[in-house]
Every structure is written in structure tokens, then in C-alpha cells.
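An overview of the molecular structure
The chain contents come next:
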Amino acid sequence: METNIMTEGKKALTESPKKNLRKEEDVFKEIGVGRVPFSSVLSFEPLIREIESKAQNGSATESAIANMVLEKLKEAPALGQPIPDRSVLEEHQEIVELLMMMVLPSSIRKKQLAKVSAPFDMNPIYCTHSLGGLMKAQKVKYVLNNSNNIIYCAMVVNACSLILNKFYGQNINVDPPIALSIKPDGYALERHYKTQMDAQYVDIKQLKPLKPLGQEEINQLLSNIYDIDLWLQHIPPENFEFQGFVIGTLIDITEEEALSRLKYSLLERDAVVDPEKVERLQHLIRTYFDLPELRLGVTAIDYPIDKSVAHRYKIRFDFLASRHECLLSPENKNSIYEKACRYKEVLLIEDLEEVSNKTPIERDLLEEGIRSIIVAPLFNKDDHVIGLLEIGSPRPFELHSFIELKFKEITGLFSMAVERSREEIDNRVEAIIREQYTAVHPSVEWKFIETSYNLLDKRERDPKNATVDPIVFHDVYPLYGQADIVSSSEKRNYAIQTDLTDNLRRAARILQQGANLGRLPLLNQYLTKAERDIKGLQDEFNSNDESRIVEWLHSEIHPLFHQLRDKYPELAGPVSSYFEYLDPELGIVYRERKAYEDSVMMINNTISNYLEQQEKEAQKVLPHYFEKYKTDGVEYDMYVGQSLLKRDRFSMMHLKNLRLAQLIDMCEVTRIVENMQGELPVPLRTAQLIFVYSNPLSIRFRMDEKQFDVDGAYNVRYEILKKRIDKSLIEGTSERLTQAGKVAIVYLQEKERQEYLEYIDYLIREGYVTEEVEDLKVGRLQGVQGLHALRVTVKV
């Protein structure tokens, strides 16, 4: 055994560094690390002292070996002195090997990457077999994973710390944080190492008198570890010499370093979106598992599928991205992907060939060259599945339970990266929606998100020419309804007329009082004008009267009143009372109109809240577009059809269900308003109208108006009819079609009449309406004829 070690040692020591070994000094020059400026010389004296101690105080075995080495050393007294000339080592190779055996046992030499060298000398006097083989290679890539300046600083500070410890009574431990990546030619993966320096066999010789150093100065050094000039100023290198040798060992930290780099990479922006960054992640995964042919796959996905969002997240790097539009489509039920999502567990398949009842997923994976695979679901903070992570190997059983354990350690990192990337894309899409579309109804939000994503994609590819795609839904069925406040214009005008008359009378009284105070003919003129306007309002109210009178009050009368109050103390009280009676914001009398508008607001809010509640339930049956408007009452549009749906199936049953539900809602609205009469400041009633239109049409989102409108000349007829029927009369009479407490149903075709008669029959039996059903013909409107209506009276 000793002969083998001696032979190996001779080989390592006798090989010429210039011919076979790349000098470590050359490696460090290649990567930019400077030489430490302290003098050093090779010496075995510290080791020999230890051997002498073992010979005297060690165990029997240690003592015997130590005495044998000491006997050998008598043959080479030069080895007991500092060795400036390396030729001495070649003359006494066997003895040097014996010394090396004392610090590097033969049991570790084949695998351990270790070397022995003079202090701060990059050229070793001895290398273990494994390190020696690496040093021989001419095509080895060395990468220091620290800043070259930091490494140099650490080495200098380490030397100075040893001096401070020995001569200045300090206890400073500096371990230079040097990490090294090595990739020999022909290897697919690099290995990562950290250095460990053992300086126990180093003596420090004082060459000149010590420079005085107080604790305050030492503390200053410790606070400025990167200021090398300061350190060398207080600890001059020429004052000391390091004698002995150091043992340098490279400790394999490949797994830890790969995991650390993986964590750092996943924190980067677009870590799982950018193909180049995903490729780098795959390389780190290969290094982490030490499997050069391992493949990495990551994709954003939602489970269950009905929770999926409308747009793609650009995170589609799974093994089957080019083969399957959706990994969780119905035909892939019970696939490894679907099972991983369903059970929320990591799934390991050692050999895909052995899987029974293969789905298209397993068959396509085999065609992709995947034999063993591990799949893990990725979760967000709410524990919802948001993605899949997979690793695959071309060889069966290369992935096994031990790999699975390590794999589970990294799934959380990918979950955070995928969730963060999804949120970033969501935010960018939402920004486009706000910019382009403002508010969007939830039922069609998927289409807006999809279109926004497409615009985002276009902007990234061609920013100058990117335009938004039109949003159009074809073949949708409209439903229109309104609850209109009866005689709203007349009642509003009456309220305005009453307030203006009150305002003018109050102003006229002050003008009369002012005119009596002296010769103020202007006040008489204003008084005459106020009395004329009061008479005009009583005779007939014109829409222009309001703006004209308010403008006159604000621009002429009110400034005059302020002057009169300041000039005449007897008018101060009446003028102040006048202004206190006015609305503080509008600056006019606002009593009757406020009562009217409060009543309208109460009715609108009550109807609106009721419709919104019913709408929530209706959306659960089938998503559809719904939009309402508040005026003097509430009107709303609904559109339903297959093109509005992302996943569900539309049928005519859904349309009939919505029509019946709408009719019931109009009856309920009638009852609600009737029951509110005692609460309203001004009693108001509503007339309900439904417009039935059975021809499907197209709707388009108008970018300028930020709302949907019917699309195409043919479909415009629907909008014309809808806008004109609410003021229509019954043919041959002056009676309005819409009446308080009733629901009018306007239709075009006989089949629609039959359909709604069936609904009305149901409502009669359920007690919503009376048995009287009016079958009416709608009077001719401008450009519209042939309309018919059914009208029912709601039971309150």
C-alpha cells in the first residue's frame, strides 16, 4: 500500500508543470486575480515539529510512524530548513511523499481535490490524483464566482489577520469566500467548488520591528476590509515572511450552487416567460440533478379548466406545447397532467411505456422521446393550481423516488415565479383594458382580455403598427326592457316652474322694499321684469325660461342684493333670509325640483338594485351581456348567444328562459314601485315595456363611445324600433301604449305573440297579472309600421 502511494507521489512530483500541468498561477492570472504582496517560502518545519511531538507524545502507532519519518529526514537535512529551491524536492521525492502522507492520507487522495503549496504560492508542490488530472487538462474552463477584486482583498486581509492574531493579540478568522466553477472539455455540465485553506502549518517570521498598532487602529482596519492600501500601510508586507505550507482543498458544492443560482434566476423578470431564461433554468436543473440530458418543462395552466382566464400567459414551455392546444382538454382526462392537477400531488412515472390506458398525452410524450417523467402542479397563494412543472428523461427509471424528493424542493420556487409572471401579464392586460375599453361587463371580459393580450403581443413585435382588433359578437339575440316614469317631463317641468316662481316672488319682495327707500328706478325696472316672468311661468313654461331666469338672477339680481345689504341696514335681514332660503350649491330656490329628483333617484336605485340581484342569478344559468341605463326610470339591454360564451353551450331554451324571467322581473318592478308610493317625496309611477326581437344580430364595441352597439346597416333597424316605441300610441287612439301599473310587450311576428301568450298564461296562474290581456296594434311611427303589442295589468 505504501509503495503505491509512493509511486503516485513520485508521479505527481516529477511531472513537469511546464509540459503537462497548467500552473495554478496561470489559471488565476487567466481569470484576473493578482498575487498577494507578502514574501513566502516553502518550509516543512511546522510539520516536522508536529511529527517530533507525535514521536514523543503520540500513541504507539503514531510514535512508530513519526520515528520512521524522522529517521528518513536525517537523510535529507535540507528538508528541515526553508526551501527556496524546488530542486531539493526532486532530490528527496520519497521523503517528501512520506511528509505528504502525514497531512493527506492515502484513503482520500483518489477522490479529494487537494494540493499543497507554499503560502500564497499558486503553484503546488503536491496534488492529489484527482486534482492533478484536472490540472493536466488543457481545455478546462475556470470561472471564479466572486469579484476578482473581492478575492484579492480577502487573500490580503487573510494574511494580515494572521499577523494581527500572532503579534497583536487578536482573534480574527478570515476565510476567503472563493467559489470556482470548472468545466472540462467534453463535459456537458460544469461542477462548482468552494476553496478551503488549511494554514496550520504556516509560521510568520518578523523581519523588522513591529509597527505600533492600537485597538482603535485595528478596529478601523476591520471596518474597511476592502481598503487594501490602508491595511498594507499599517501592516507593511516587507516586515514579515510566511514560512511553511498550506493545504488547499476544493469542496464540491455543485448541488447547493445550482440550487442557489436557480433561486436567483427565478427572481428575475420574465424568468419563466423568456425562452432564453427558461433554457438557462433547464441547464441549472440538469446541473442540480447531475443529469446532462434532463429536460425541463413549465407551463401556466388553470385547474379546473372552467377557471381558466381568457388569455395565454406566454408561459408555455411544456414538452407538448407544439402538439396540444390545451393539456387539460376533455380528451386528455386521466392523463398524468390531469391527475397531477386533480390530486394536487407530484406524480412520478419511472417508465411511460409501462403505463396502462395511455391517453394522447402519454403517447405523445413517448413520441417526444420522454421515457421517465415527474410532474408537479404549481399553486398560488390561495392554493389554486396555476401551472405545471415537469422534468423528463429519455431513459426509463433515470428518474426515481430519490430524484422526486429533490424535485419537490424546487416546486415552490417555480410556483412563485409563475404566479409573479402571471400577475405581471394580468396587470399589463388590465392596463390595456382601462386604456382602450374602460369598464367591461364580466360576461364578455374574456373577449376583452383576449383582444388586449393580442394587442400586447403586437406591441412587442411591432410597436409602431400595432392596432387593436375589433370586438364583435355575431348571431346574438337582443332583449330590451324599460321601466319609465310616467309623465316625467311634465312633472319635472312643474317642479322647475314652481321653484322659479317662488324664487322670483321672493326676489320681487326685496326689490319692492328697496324701491321704497329712495329714488332707485333700476329696482322698479327689475321688479317689473320679475313680475312679467312670474306671469309668463304661470301661463306657459318654456324650456328656455329656466336658463334665462337663472342667468338673470345670478348675474344681475344677486350682485345687486349684496350691494343693497351693505348700503341699507334695513335690507340686511330680508336679503340674508333670501340667500339662506336658496340652495347653497345652485344659488337658486331648489325645493320642488329636489323633491322630484329625490323621488326619481329612489325609484331608479330601487329598480336598479333589484335588476342587478336578478341578473346575478341569471348569469349563473348562462353568461350573457347586460347593460342598464338610468334616466327617468331604468332601461336595459341584454344580449345572449353562442359567440358571447367562452365555454358554455347556448340553446333556444336559454333565450326562452331569459324572456320569461324578464317578463316576471317587469311585473316585480311594477309591484316594487307601487309599494314605494308612501315613501316618495313626490308620488311617481312607472310604465313597463318589453321589446321582442327574434332575429339574431351582431354587436360591436364602439371605441369612440366605449360601449356596444348593433353592427351593420341591416341590424340598425332594431335600434330604430327600440328608440321609438316607448312614445308610441295605440293605433286609432291618443292613448299611450305604456301605462302605469302595466307591462306592454311589443313584437313583430306572430310566433312571438304565441310565445308570450304562453308566458302570460303562466303569469296569470301564478298571480302576477290579471286575466285581462289586451291585444293591440301599435300606431304608425316615423319609418316604422306593422308593430303589435300585448299589454297586461300587474296585480299589486
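My aim in this report is to walk through the structure given alongside it, one point at a time. (Residues numbered from 1 in each chain as written. Predicted model: local features only at pLDDT ≥ 70, side-chain atom pairs only at ≥ 80, totals over all residues. Heavy atoms only, no water.)

1. Some points on the overall build of the protein
- Assigned secondary structure in the protein consists of 24 helices and 22 strands.
- For the protein, whose C-alpha radius of gyration is 46 Å, the value lies well above the compact-globule estimate of 28 Å for 796 residues.
- Within the protein, buried positions represent 49% of all 796 residues.
- Within the protein, counting contacts between residues at least 6 apart in sequence, those at least 24 apart form 70% of the total.
- Here the protein has roughly 39,300 Å² of accessible surface; of this, 49% comes from carbon and sulfur atoms. (Helix = DSSP H or I, 4+ residues; strand = E, 2+ residues; numbered from the N terminus. Rg over C-alpha atoms; globule rule 2.2 N^0.38 Å. Buried < 20%, exposed > 50% of the residue type's maximum accessible area, 1.4 Å probe, protein only. Contact = heavy atoms within 4.5 Å. Areas by Shrake-Rupley, 256 points an atom, 1.4 Å probe, with all protein chains shown as cover.)

2. Topic: the side chain of glutamine 243
- Note on placement: glutamine 243 falls in strand β8 (residues 240-244).
- A relative accessible area of 11% places glutamine 243 in the buried class.
- Within the local environment of glutamine 243, its side chain forms a polar contact with the side chain of glutamate 241, the two groups lying 2.8 Å apart.
- Beyond its immediate chain neighbours, meaning those up to four positions away, glutamine 243 contacts Val41, Ser43, Glu45, Pro46, Pro82, Pro119, Tyr201, Val202, Asp203 and Lys205. (Polar contact = N/O pair within 3.5 Å; in protein donor to acceptor, adjacent residues only side chain to side chain.)

3. Let's talk about the pattern of salt bridges
- What the rule picks out here adds up to 46 salt bridges.
- We note a salt bridge from glutamate 268 to lysine 277, for which the minimum N-O separation is 3.9 Å.
- The class of lysine 277 is partly exposed, set by a relative accessible area of 22%.
- Between arginine 593 and glutamate 546 there is a salt bridge whose closest N-O contact spans 2.8 Å. On the criterion of sequence distance, the pair formed by arginine 593 in helix α21 (residues 592-621) and glutamate 546 in helix α19 (residues 543-567) is long-range, its members being 47 residues apart.
- Classification of glutamate 546 as partly exposed rests on a relative accessible area of 22%.
- Residues joined by salt bridges that share partners form a network here, namely Arg295, Arg323, Asp364, Glu367 and Glu368. (Salt bridge = Lys/Arg side-chain N within 4 Å of Asp/Glu carboxyl O.)

4. Quick notes on the side chain of glutamate 390
- Inspection of the secondary structure puts glutamate 390 in strand β13 (residues 385-393).
- Despite its burial, glutamate 390 remains without a salt bridge, the nearest opposite charge being carried by arginine 295 at 7.2 Å.
- Here tyrosine 337 takes part through its side chain, which lies 2.5 Å from a polar atom of the side chain of glutamate 390.
- Not counting the four nearest positions on each side in its chain, glutamate 390 is found in contact with Arg295, Leu296, Gly297, Asp318, Phe319, Tyr337, Ile373, Ile374, Val375 and Phe407. (Lys, Arg positive; Asp, Glu negative; His and termini not counted.)

5. A look at a nonpolar patch on the surface
- Residues Ile150, Ile225 and Tyr226 make up a contiguous nonpolar surface patch of about 270 Å² in total accessible area.
- Along the chain, the position of isoleucine 150 falls in helix α8 (residues 148-167).
- Looking at isoleucine 150, the relative accessible area reads 32%, which means it is partly exposed. (Patch = residues over 30% accessible without salt bridge, like charges linked within 9 Å, V, L, I, M, F, W, Y side chains within 5 Å.)

6. Side note on the environment of glutamine 220
- Topologically, glutamine 220 is positioned in helix α9 (residues 215-222).
- Spatially, the C-alpha atom of glutamine 220 lies 22 Å from that of proline 209, the residues being eleven residues apart in sequence.

7. Some details on the sheet that holds β8
- Strand order in the open sheet formed by three strands is β1-β8-β7, with mixed pairing between adjacent strands. Two strands bound the open sheet, and with one partner strand each, they are β1 (39-42) and β7 (202-206). Strand-to-strand twist of the sheet, defined as the mean angle between neighbouring strand axes without regard to direction, takes the value 25°.
- Pairing geometry for β1 and β8, over four bridges, is parallel. (Pairing = 2+ DSSP bridges. Axes fitted to C-alpha atoms, helices over the stretch in contact; angles between N-to-C directions.)

8. Comments concerning the nonpolar core
- Ranked by size, the top nonpolar core spans 47 residues in total, and within it Leu663, Val743 and Ile745 carry the most contacts.
- Of all elements in the fold, only β14 (472-485), α21, β16 (633-640), α22 (652-675), β17 (686-692), β20 (742-747), α24 (750-766) and β22 (788-794) reach the threshold of two or more residues within this core.
- What leucine 663 contacts, discounting residues up to four positions off in sequence, is Ile690, Val743, Ile745, Tyr756, Tyr759, Ile760 and Leu763. (Core = buried A, V, L, I, M, F, W, Y, C linked by side-chain atoms within 4.5 Å.)

9. Considering the packing of aromatic side chains
- Overall, the coordinates contain 17 aromatic pairs when judged by the stated rule.
- A centroid spacing of 5.3 Å and a plane angle of 75° characterise the contact between tyrosine 578 and phenylalanine 579, whose relative ring orientation is edge-to-face. Across the pair, exposure class does not vary: tyrosine 578 and phenylalanine 579 are buried alike.
- Cation over ring: lysine 406 sits above tyrosine 288, and NZ or CZ is 4.6 Å from the ring centre. (Phe/Tyr/Trp six-rings, centres within 6.5 Å; stacked < 30°, edge-to-face > 60°. Lys NZ or Arg CZ within 6 Å of the ring centre and 35° of its normal.)

10. Topic: the pairing of β14
- Most of β14 sits inside the fold, with eleven of its 14 residues counted as buried.
- As paired strands, β14 and strand β18 (residues 697-702) are joined by three bridges and run antiparallel to one another. Each bridged residue has a counterpart across the sheet, and for valine 476 the counterpart in β18 is leucine 697.
- Alignment of β14 against β16, held across eight bridges, turns out to be antiparallel. Paired with glycine 481 across the two strands is tyrosine 636, which belongs to β16.

11. Quick word on the sheet that holds β13
- The sheet built from four strands is open, its strands ordered β10-β13-β12-β11 with antiparallel pairing. At either margin of the open sheet sits one strand with a lone partner, and together these are β10 (295-303) and β11 (347-349). Geometrically, the sheet is characterised by an average inter-axis angle of 15° between neighbouring strands, direction not taken into account.
- Sheet topology places strand β12 (residues 372-379) next to β13; eight bridges connect them, and they run antiparallel. Paired with isoleucine 373 across the two strands is glycine 392, which belongs to β13.
- Packing of helix α13 (residues 336-343) onto the sheet brings it into contact with β10, β11, β12 and β13, and relative to β12 it is tilted by some 40°.

12. With respect to the packing of α19 against helix α20 (residues 569-581)
- Contact geometry of α19 with α20 gives a least axis separation of 7 Å together with a crossing angle of 140°. As judged from the angle between their axes, α19 and α20 are oblique. Regarding α19 and α20, the two cross each other, and that crossing is left-handed. Counted together, Leu553, His558, Phe561, His562, Leu564, Arg565 and Lys567 of α19 and Pro569, Leu571, Ala572, Val575, Ser576, Tyr578 and Phe579 of α20 form the full contact between these two elements. (Parallel < 35°, antiparallel > 145°, perpendicular 65-115°, else oblique. Left-handed = near helix turned anticlockwise from the far one by under 90°.)

13. Regarding the packing of helix α4 (residues 60-73) against helix α6 (residues 93-103)
- At a closest axis distance of 10 Å, the pairing of α4 and α6 adopts a crossing angle of 150°. For the element pair α4 / α6, the angle class is roughly antiparallel. Both α4 and α6 take part in a crossing whose hand is left-handed. The residues of α6 that touch α4, namely those facing Ile65, Met68, Val69, Lys72 and Leu73, are Glu94, Ile95, Leu98, Leu99 and Met102.
- Considered class by class, the residues forming the contact of α4 with α6 number eight nonpolar, no polar and two charged. (Nonpolar A, V, L, I, M, F, W, Y, C, P; charged D, E, K, R; others polar.)

14. Observations regarding the pairing of strand β5 (residues 179-184)
- Within β5, five of the six residues are buried, which leaves the element mostly enclosed by the surrounding structure.
- Bridging between β5 and strand β6 (residues 191-198) involves four bridges; their strand directions are antiparallel. Paired with alanine 179 across the strands is lysine 194, a residue of β6.

15. Re unusual backbone geometry
- A cis amide bond links tyrosine 303 with the next residue in sequence, proline 304, at an omega value of 0°.
- Summarising the element assignment, proline 304 is placed in the loop between β10 and α13.
- The phi angle at asparagine 334 is positive, at roughly 70°, despite the residue not being glycine.
- Relative to the helices and strands, asparagine 334 is located in the loop between β10 and α13.
- With a relative accessible area of 38%, asparagine 334 lands in the partly exposed category.
- With a phi close to 55°, asparagine 357 is a non-glycine residue in the positive phi region.
- Looking at where asparagine 357 falls in the secondary structure, it is placed in the loop between β11 and α14 (360-367).

16. Description of the environment of valine 88
- In this structure, valine 88 sits in helix α5 (residues 87-91).
- On a C-alpha basis, the gap between valine 88 and alanine 76 in space is 9.0 Å, while along the polypeptide they are twelve residues apart.
- Every residue in contact with valine 88, bar those within four places of it in the chain, is listed here: Ala78, Leu79 and Ile83.

These figures come from the coordinates and say nothing about function on their own.
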